[in-house]
Amino acid sequence: QVDLGPRIMLDDERCILCSRCIRFARDIAKEDVLGFTGRGSHTTLSIHPGRRFDSNYSLNTVDICPVGALTSKDFRFKMRVWFLKETPGICTTCGTGCNVTIASREGVVHRLTPRENEAVNQCWMCDRGRLNFHYLHAPERITAPTARVNGKPLPAEWPDAIAQISASLADLAPDEIAILASARMTNEELFLLSLLRERLGGDAVPCDVIPRPQEADHLLVCDDGNPNSRGARLLGVSSDGRRLPEIRKAIESGRAKAVLAFHEDLADAGVARDALLKIPALITIAMLPNATTAAAKFVLPGAGFAEKRGSMINVGGRIQRLNRAAPPPASARDDWEILNELL
């Protein structure tokens, strides 16, 4: 066994010296770090002295290795692939929306692999997107609704939580409500959110998403860290962050009596943590604990990208479909169901 990099391992006795990985690293990933040594009867695949195969595209060599000599450390010998159910989906790590196959068994996602689409990602994907699913099964995952009573979060039943949230919103003026949406939500969820916003007061209710600009690379990673920014703009719930100062001001001044945060942490939008505790009705749909869930009056457990059906629009304007590979855990619900109940 040869440790080639932080995410990849070589079982040298399997290697047939086809040079596919060498050519991929050199010609596609543009990182010429692999080569053959000991030419002749003792030829072996090796890494250049003093180098590591730490490219963000290193795990694509696992896909193209014909004999399984290159293996992913994350998936290595953890599951027989013929036991896995394969579900077509898309990567939600950035706005490119690489087509993927979600491999799962008994409600647990075990790996993501690229699915061929010449118009989007050909047959590759980046390592960061490939490994961005473990949070779905994190021990701290929020799996049941809670309501804060006398300062303490207590378990709540779904019908009771929805009824209490509806009652807390019913008599408020539009300018007393603020919404932090997410460009990680599907078009269908954002559509229901736009209907909810219309019910609460329309444009008078400030609503926006958190932009996530990032540095693009030469291959697949784009400059937008959100997978559905275009969908959020088209459905009228995003101003690309221009209304975030208005939302922050409404919260910190105390004018906002109710704030709805959907799969986002208000702390990431620049809201001080002390200000979160002063919001009378802070309601959030979330999967993992954060500053907003710690202060929220109601926390509703939502679903991850591999646990829902829907569509997103990538940076190229292409509508692509998410499919459910596994159910949400325990009492967590698909986000469209929660929004529909709130409506």
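Use the structure listed above.
A brief structural summary. (Residues numbered from 1 in each chain as written. Predicted model: local features only at pLDDT ≥ 70, side-chain atom pairs only at ≥ 80, totals over all residues. Heavy atoms only, no water.)

### Regarding the packing of aromatic side chains
Then, in step 1: This structure, assessed with the given rule, holds 2 aromatic pairs.
Then, in step 2: Judged by centre distance (4.9 Å) and plane angle (55 degrees), the ring pair of F24 and W124 falls under tilted. Taken as a pair, F24 in helix α1 (residues 20–28) and W124 in the loop between β8 (108–114) and α3 (127–130) lie far apart in primary sequence, 100 residues in all.
Then, in step 3: Taking the relative accessible area as the measure of exposure, F24 reaches 3% and is therefore buried.
Then, in step 4: Ring centres of W82 and F83 lie 6.2 Å apart, and the angle between their planes is 70 degrees; on these two criteria the pair is classed as edge-to-face.
Then, in step 5: Here F83 falls in the partly exposed class, since its relative accessible area comes to 43%.
Then, in step 6: Taking the ring centre of F83 as reference, the NZ or CZ of R105 above it sits at 4.7 Å. (Phe/Tyr/Trp six-rings, centres within 6.5 Å; stacked < 30°, edge-to-face > 60°. Helix = DSSP H or I, 4+ residues; strand = E, 2+ residues; numbered from the N terminus. Buried < 20%, exposed > 50% of the residue type's maximum accessible area, 1.4 Å probe, protein only. Lys NZ or Arg CZ within 6 Å of the ring centre and 35° of its normal.)

### A word on helix α7 (residues 244–253)
Then, in step 1: By the burial criterion, the buried members of α7 are L244, I247, A250 and I251. End-on view of α7: buried residues confined to an arc of 125 degrees, all on one side of the axis. Set apart from the buried face of α7 by more than 90 degrees, the exposed residues are K249 and S253.
Then, in step 2: The secondary structure elements touched by the buried residues of α7 are β11 (177–180), β12 (207–208), β13 (258–262) and α8 (273–276). (Arc of directions from axis to C-beta. Contact = heavy atoms within 4.5 Å.)

### A closer look at the environment of L244
Then, in step 1: By the element assignment, L244 lies in helix α7.
Then, in step 2: For L244, a relative accessible area of 8% gives the class buried.
Then, in step 3: With 37 residues separating them in the primary sequence, L244 and C207 have C-alpha atoms 7.9 Å apart.

### A word on the pattern of salt bridges
Then, in step 1: Applying the stated rule across the entire model yields 14 salt bridges.
Then, in step 2: Residue R76 pairs with D11 through a salt bridge whose shortest N-O separation is 2.6 Å. With a gap of 65 residues between them, R76 in the loop between β5 (70–72) and β6 (85–90) and D11 in the loop between β2 (8–10) and α1 connect regions that are remote in the sequence.
Then, in step 3: With its nearest N and O atoms 2.8 Å apart, the salt bridge here joins R130 to D63. One end of the pair, R130, is in helix α3; the other, D63, is in helix α2 (residues 60–64), with 67 residues separating them in the sequence.
Then, in step 4: The exposure class assigned to D63 is partly exposed, which follows from its relative accessible area of 34%. (Salt bridge = Lys/Arg side-chain N within 4 Å of Asp/Glu carboxyl O.)

### Things to note about the environment of T61
Then, in step 1: In this fold, T61 is placed in helix α2.
Then, in step 2: Classification of T61 as buried rests on a relative accessible area of 0%.
Then, in step 3: For T61 and S72, which are 11 residues apart along the polypeptide, the C-alpha to C-alpha distance reads 9.4 Å.
Then, in step 4: Side-chain polar atoms of T61 contact the backbone oxygen of S58, separated by 2.6 Å. (Polar contact = N/O pair within 3.5 Å; in protein donor to acceptor, adjacent residues only side chain to side chain.)

### Examining the side chain of T293
Then, in step 1: On the secondary structure map, T293 appears in helix α9 (residues 291–295).
Then, in step 2: At 2.8 Å, the side chain of T293 and the backbone nitrogen of N290 are in polar contact.
Then, in step 3: Aside from chain neighbours lying at most four places away, what touches T293 is I142, R148, T284, A286, L288 and V299.

### A short note on the sheet that holds β5
Then, in step 1: Strands sit in the order β1-β2-β5 across an open sheet of 3 strands; the sheet is antiparallel. Every interior strand has two partners, whereas the edge strands, β1 (2–3) and β5, have only one.
Then, in step 2: Pairing of β1 with β2 involves 2 bridges; the strand directions are antiparallel. Bridge pairing in β2 places D3 opposite M9. (Pairing = 2+ DSSP bridges.)

### Some remarks on the environment of K308
Then, in step 1: For K308, the location among the structural elements is in the loop between β15 (298–301) and β16 (310–313).
Then, in step 2: Judged by relative accessible area, K308 falls into the buried class, the value being 4%.
Then, in step 3: In this structure the C-alpha to C-alpha distance between K308 and T61, which are 247 residues apart in sequence, comes to 29 Å.
Then, in step 4: Dropping the residues within four chain positions of it, K308 is found in contact with T186, E189, A303, L322, N323, R324, D334 and D335.

### Points about the nonpolar core
Then, in step 1: With 33 residues, the main nonpolar core has L193, L196, L260 and F262 as its most contacted residues.
Then, in step 2: The set of elements that each furnish at least two residues to this core consists of α4 (158–170), β11, α5 (187–200), β13, β14 (281–286), β15 and α10 (335–342).
Then, in step 3: In contact with F262, not counting residues within four places along its chain, are I179, L180, A181, S182, M185, L193, L196, I285 and L339. (Core = buried A, V, L, I, M, F, W, Y, C linked by side-chain atoms within 4.5 Å.)

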